[in-house]
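This is what each chain is made of:
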Amino acid sequence: MEAGSIIADSARRRGGEARSAHAGVTRGGAARGAHAGVARGGAARGAHDGVAHGARGGEARSAREGVVRGGVAAGARAAAPIAVAAAAFGASFGILARDAGMGVVAPIVMSLTTFAGSAQFAVASVLDSGGAVAAAVAAAVLLNLRYLAIGVSVAPALRGSRSRRLAEAQLATDESWAVSQATGGVDRDRLVGAGLVLLVAWVGGTVAGVLGGSRLGDPADYGLDAMFPALFLALLASQLDSPRTRAAAIAGAVIALALTPLLPPGLPLVVAAGGALLALAVRR
Amino acid sequence: MTGAWIAVAGVGAATVALKGAGPLLLARRALPRPVAALMPLLAPCLLAALVVSQTVGDGRALVVDARLAGVAAAGVALLLRAPLLVVLGAAAGVAAASRALGLA
C-alpha cells in the first residue's frame, strides 16, 4: 500500500540505484514491498471471481449455511497468487527487521499481530535508521488509518460474538478485503479464506527472512511489487459497472495522486477513501 | 522492554483497534442510511487510490518506474479479458524485464 513508502524513502531504489542505500540487500525491495507488503497479499483472483460471485449473489445468500466452506475455499484460492508475493515481501520484512536490530521473535510477532505490510516496513525502516520508537509507531499508525474505513465496510458481514468479530476483522488487509468484495458488500467467508492464506504466507515469509537472511533475493527483481497494484486494478475493473462507481474510482485516483506529494504516506489513502462521498453526487 | 518490542506492541494494539473498531461498534446494527449508501462506493474509490499509490507512489514522491510498465501490461491483459493469473503474471514479468533491461 501506501506506505511502504516511508521506508522507501530511505531505501528506495528506483531504478535500482539505491538498493544498498540502507540496509543492503533487500531493503530496497522491502521498502517497496512495504507497501505492498503484507497484506498485500490478499487479493487476487477477484476480478474474476468478482464477476461470478456477483452473479451468484442472491442464491449464495440463501444457501449460505451450506456454502460456508465453499466461500472460504474460494477466498483462499482467490488469494493464492498474491500470497506468493506476500511471502516474498514477508521475507524482505524479516530481513530488514533483523538488520534493524529487532531481533528474531519481535518481527514474527509483529507479522502475526499487525499483519499490515506497509506499517511494518515503516517501523523497521525508522528503527533501522536510528529513529525514535515514537516516530516509528506514529508512522505505522498513520499508514493503517485506512483500516478504520475498511473495518466499517467489513462490519456488516461479520457475525457471532464480539471476540469472534474482532478476530475475524484482523484478517482484513487491503488484499483480502479487495478479493472479498461481492454484490452489496464484503463476503465474510471469502474474507476469512483469503485472509488466512495471506496470513500464513506473510508470517511464513517473515520467519524465512528472519532466519534465512538475504539469500532469497529482492522480490522486486521478479516484479512482484507490480503484482499488488495489478491485482487492485483487476478488482477495480470488475466494479466499474455504473457512472457512480466510475466517479468513485476517478475521485479516489485523483485524490491519491494529488495528495501523495503533499501529505505523509498513508494519509492520501485516507482522504481518497473520502472521495466516495463525492461520488454520491453522481446519479446511479 | 526494548524499543523494538515497544513498537511491536504499540503498532499491534493500534492496528487491532483500527481494524476492529467498525465490527465491534457497528455489528448487529444497520448502518445509518448515508453510510450504507457510501459502502458500495468505498471499494472502487479505495481500490483506485491503491492502484495509484502502489504504481507511482514512493514515499512522498511520484515516480515512474518498472511498476508502471508492469501495471500497464496488466491493463492490456485486462482489456484482452485475460484470466487474473495471466494479468498478474504480465505485471510481474514486464516489471521484472524492464528492471533487468535497465529501462526503469
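Quick caveat: nothing in here was measured; it's all calculated off a predicted structure.

## With respect to the packing of aromatic side chains
Both the distance between ring centres and the angle between the ring planes are used here to describe each pair of aromatic rings.
Residues and elements named next belong to chain A.
1) Next: Per the counting criterion, the structure on display carries 4 aromatic pairs over all chains.
2) Next: A ring pair is formed by F89 and F228, whose centres lie 5.5 Å apart and whose planes are at 55 degrees; its orientation type is tilted. Placement of F89 in helix α4 (residues 64–99) and of F228 in helix α12 (residues 224–237) is noted, with a sequence separation of 139 residues between them.
3) Next: By relative accessible area, F89 is classed as buried at 0%.
4) Next: Classification of F228 as buried rests on a relative accessible area of 0%.

## Examining the confidence of the model for chain A
1) Next: Here chain A averages 78 in pLDDT, and 75% of its residues register 70 or above.
2) Next: Taken together, the stretch residues 1–67 of chain A has pLDDT below 50 and engages in 211 contacts with residues farther than four places along the chain or on a different chain.

## Let's talk about the pattern of salt bridges
All names here are of chain A.
1) Next: Under the counting rule described, the total for this entry stands at 6 salt bridges over all chains.
2) Next: R188 is paired through a salt bridge with E168; the nearest N and O atoms lie 2.6 Å apart. Taken together, the residues R188 in helix α11 (residues 188–212) and E168 in helix α9 (residues 162–169) connect sequence positions 20 residues apart.
3) Next: Among the ionic pairs, D189 bridges to R188, the shortest N-O distance being 2.7 Å. Comparing D189 with R188, the two get one shared label, buried.
4) Next: Counted as one network, the salt bridges with shared partners bring together R164, E168, R188 and D189.

## Considerations on the packing of helix α8 (residues 146–154) of chain A against helix α2 (residues 33–56) of chain B
1) Next: Between α8 of chain A and α2 of chain B, the shortest axis-to-axis distance is 10 Å and the interhelical angle comes to 125 degrees. With respect to each other, α8 of chain A and α2 of chain B are oriented oblique. In the crossing of α8 of chain A with α2 of chain B, the sense of the turn from one axis to the other is left-handed. Where α8 of chain A approaches α2 of chain B, its residues A149, I150, V152 and S153 of chain A are matched on the opposing element by V35, M39, L42 and L46 of chain B.
2) Next: Its residues placed into classes, the contact of α8 of chain A with α2 of chain B shows 7 nonpolar, 1 polar and no charged.

Cut-offs used in this document
- Residues numbered from 1 in each chain as written.
- Chains lettered and ligands numbered in written order.
- Predicted model: local features only at pLDDT ≥ 70, side-chain atom pairs only at ≥ 80, totals over all residues.
- Heavy atoms only, no water.
- Phe/Tyr/Trp six-rings, centres within 6.5 Å; stacked < 30°, edge-to-face > 60°.
- Helix = DSSP H or I, 4+ residues; strand = E, 2+ residues; numbered from the N terminus.
- Buried < 20%, exposed > 50% of the residue type's maximum accessible area, 1.4 Å probe, protein only.
- pLDDT = per-residue confidence, 0-100.
- Contact = heavy atoms within 4.5 Å.
- Salt bridge = Lys/Arg side-chain N within 4 Å of Asp/Glu carboxyl O.
- Axes fitted to C-alpha atoms, helices over the stretch in contact; angles between N-to-C directions.
- Parallel < 35°, antiparallel > 145°, perpendicular 65-115°, else oblique.
- Left-handed = near helix turned anticlockwise from the far one by under 90°.
- Nonpolar A, V, L, I, M, F, W, Y, C, P; charged D, E, K, R; others polar.

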